[in-house]
Amino acid sequence: MSSWNPERKQSLVGWDSHLSRIFFLLLLFVVSAQGVTPNPEACLVSSSVSGSSISCQPPAQIPKSLPADTIFLAVEFFNLTQLPADFLQGIPNLQELHLSTNRLENLSPKFLLPVPQLKVLDLTHNSLTRLPPGLFRVSAALCTLVLKENQLKFLEASWLHGLKALQHLDLSENQLQSLPPGLLENFTNLLTLDLSNNQLQTLPPDLLRGPLNLERLRLEGNRLQVLGERLLAPQSKLRYLFLNDNRLASVAAGAFRGLQKLDMLDLSNNLLTTVPTGLWTSLGKAARNLKDGFDISSNPWICDQNLADLYHWLVANEDKMFFRNHTRCAGPEALKGQMLLAVAGSH
């Protein structure tokens, strides 16, 4: 396990979000193989029994009208700052909309009204600072919402009202400093929540009281200092938990108590010097627990008697431990620089 590739931690999470693009790559390959040169000013259009799929990137011209049976639409890399409120008019069967890598600053509250069957909305890498209340009032079918790499500094629960089927929510790489209470209370179907690489210092204790089926939680790259007992308590189905690259110095003894199916835990690159007795009791017991491993490297561990509980747990689960060579004692002086696992084995 010590040969673990750090890139695999990222591949474990959300790779399936790119599957919708594979179709277009295959289509381009077929077109090229047949010796057909696509018109650079035309969008890539394909038709199937299900409907039409359209992908537009510069230097193509964005069409003024779209086939009525359009189910997939990608308009990306155009540096658009605005879209007309009726942009989606006339394509009521649209299921996927990708608007990434533009410069969209705002959206009309009526923007999604013409597409009540929309299942995927990707707004990655835009300049959104807020969402208009009512944007999702007919979006009961939406399963995936990606707001990654925008300029959101805060959220209001009202912005997300109307989302009843949401399974994947990506708010990563914004500038969020706090989250409002009750933000996710109606998201009972949520499976993946990505809040990574924001500026969050604390989280509402009730943040996860609504999404009780959560499987993947990404909180890495924030400024969290404390992990209390209440945040993860309802998450009996959580499988992947990323808390790395925060400022965690304190983890409550019961923080992981409700995590019955955890496959992966990353606590690396924090400020942990010690952990309370009982923290690890519920983890690594069954054969399936932490089957994809755990990482507690790059913390300033003080290797004294206060880590006795951790020592015992590490010896029992060392086959699941990543980056052993980077998991070392910062103190006391006599043990400084020694591998934590080696110290654990000598106790």
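Below: a short report on this structure. (Residues numbered from 1 in each chain as written. Predicted model: local features only at pLDDT ≥ 70, side-chain atom pairs only at ≥ 80, totals over all residues. Heavy atoms only, no water.)

1. So, the sheet that holds strand 5 (residues 120–122)
- The 12 strands are arranged 1-2-3-4-5-6-7-8-9-11-13-14 in an open sheet whose pairing can be described as mixed. The sheet is open, and its two edges are formed by strand 1 (44–47) and strand 14 (294–295), each paired on a single side.
- The pairing of strand 8 (residues 192–194) with strand 9 (residues 216–218) spans three bridges and is classified as parallel. Across the sheet, the residue bridging to T192 is R216, located in strand 9. (Pairing = 2+ DSSP bridges. Helix = DSSP H or I, 4+ residues; strand = E, 2+ residues; numbered from the N terminus.)

2. Things to note about the packing of aromatic side chains
- Per the counting criterion, the structure on display carries four aromatic pairs.
- When the centroid spacing of 5.3 Å and the interplanar angle of 55 degrees are considered together, the rings of F154 and W159 count as tilted.
- For W159, a relative accessible area of 1% gives the class buried.
- Pairing W280 with W313 gives two aromatic rings, centres 4.6 Å apart and planes at 25 degrees, and the pair type is stacked. In this pair, W280 is assigned in the loop between strand 13 (264–266) and strand 14 and W313 in helix 3 (residues 308–316), connecting sequence segments 33 residues apart.
- Overall, W313 belongs to the buried group, its relative accessible area being 6%.
- Among the aromatic residues, those joined into a cluster by ring pairs are F256, W280, F294 and W313.
- For R218, the ring lying beneath its charged end belongs to F242, and the centroid distance is 5.5 Å. (Phe/Tyr/Trp six-rings, centres within 6.5 Å; stacked < 30°, edge-to-face > 60°. Buried < 20%, exposed > 50% of the residue type's maximum accessible area, 1.4 Å probe, protein only. Lys NZ or Arg CZ within 6 Å of the ring centre and 35° of its normal.)

3. So, the environment of N213
- With respect to the helices, strands and loops of the structure, N213 is situated in the loop between strand 8 and strand 9.
- The spatial distance from the C-alpha of N213 to the C-alpha of K237 is 5.8 Å, given a sequence separation of 24 residues.
- Sequence-distant contacts of N213, defined by excluding residues within four places in its chain, comprise T188, L190, L191 and K237.
- Separated by 3.0 Å, the side chain of N213 and the backbone oxygen of T188 make a polar contact. (Contact = heavy atoms within 4.5 Å. Polar contact = N/O pair within 3.5 Å; in protein donor to acceptor, adjacent residues only side chain to side chain.)

4. Section: the pattern of salt bridges
- Evaluation of the coordinates by the stated rule reveals five salt bridges.
- Between R239 and D263 there is a salt bridge, and its shortest N-O distance comes to 2.8 Å. With R239 in the loop between strand 10 (226–227) and strand 11 (240–242) and D263 in the loop between strand 12 (250–251) and strand 13, this pair connects stretches of sequence that are 24 residues apart.
- A relative accessible area of 0% places D263 in the buried class. (Salt bridge = Lys/Arg side-chain N within 4 Å of Asp/Glu carboxyl O.)

5. Here we look at helix 3
- Where helix 3 is concerned, the buried positions are L310, Y311, W313 and L314.
- Buried residues along helix 3 sit against strand 14, strand 15 (301–302) and helix 4 (340–345).

6. Some remarks on the state of the cysteines
- Counted according to the given criterion, the structure contains two disulfides.
- Residue C43 pairs covalently with C56 via a disulfide, S to S 2.0 Å. Looking along the S-S bond of the C43-C56 disulfide, the torsion reads about 110 degrees, which is the right-handed sense. Separated by 13 residues along the polypeptide, C43 in the loop between helix 2 (19–33) and strand 1 and C56 in strand 2 (residues 52–56) bring together distant segments of the chain. No difference in accessibility class separates C43 from C56, as the two residues are buried. (Disulfide = S-S within 2.5 Å.)

7. Thoughts on unusual backbone geometry
- Between P58 and the following residue, P59, the backbone shows a cis peptide bond with an omega angle of 10 degrees.
- Among the secondary structure elements, P59 is positioned in the loop between strand 2 and strand 3 (70–75).
- Residue G331 is joined to P332 through a cis peptide bond whose omega torsion reads -5 degrees.
- Mapped onto the secondary structure, P332 falls in the loop between strand 16 (329–331) and helix 4.
- For F77, which is not glycine, the phi dihedral falls at a positive 70 degrees.
- Relative to the helices and strands, F77 is located in the loop between strand 3 and strand 4 (96–98).
- Positive phi, close to 55 degrees, is recorded for N197, a residue that is not glycine.

8. Comments concerning the side chain of N126
- Among the secondary structure elements, N126 is positioned in the loop between strand 5 and strand 6 (144–146).
- Residue N126 is classed as buried on the basis of its relative accessible area, which comes to 5%.
- Here R103 takes part through its backbone nitrogen, which lies 3.4 Å from a polar atom of the side chain of N126.
- Within the local environment of N126, its side chain forms a polar contact with the backbone oxygen of T124, the two atoms lying 3.3 Å apart.
- Aside from chain neighbours lying at most four places away, what touches N126 is L99, S100, T101, N102, R103, L104, E149 and N150.

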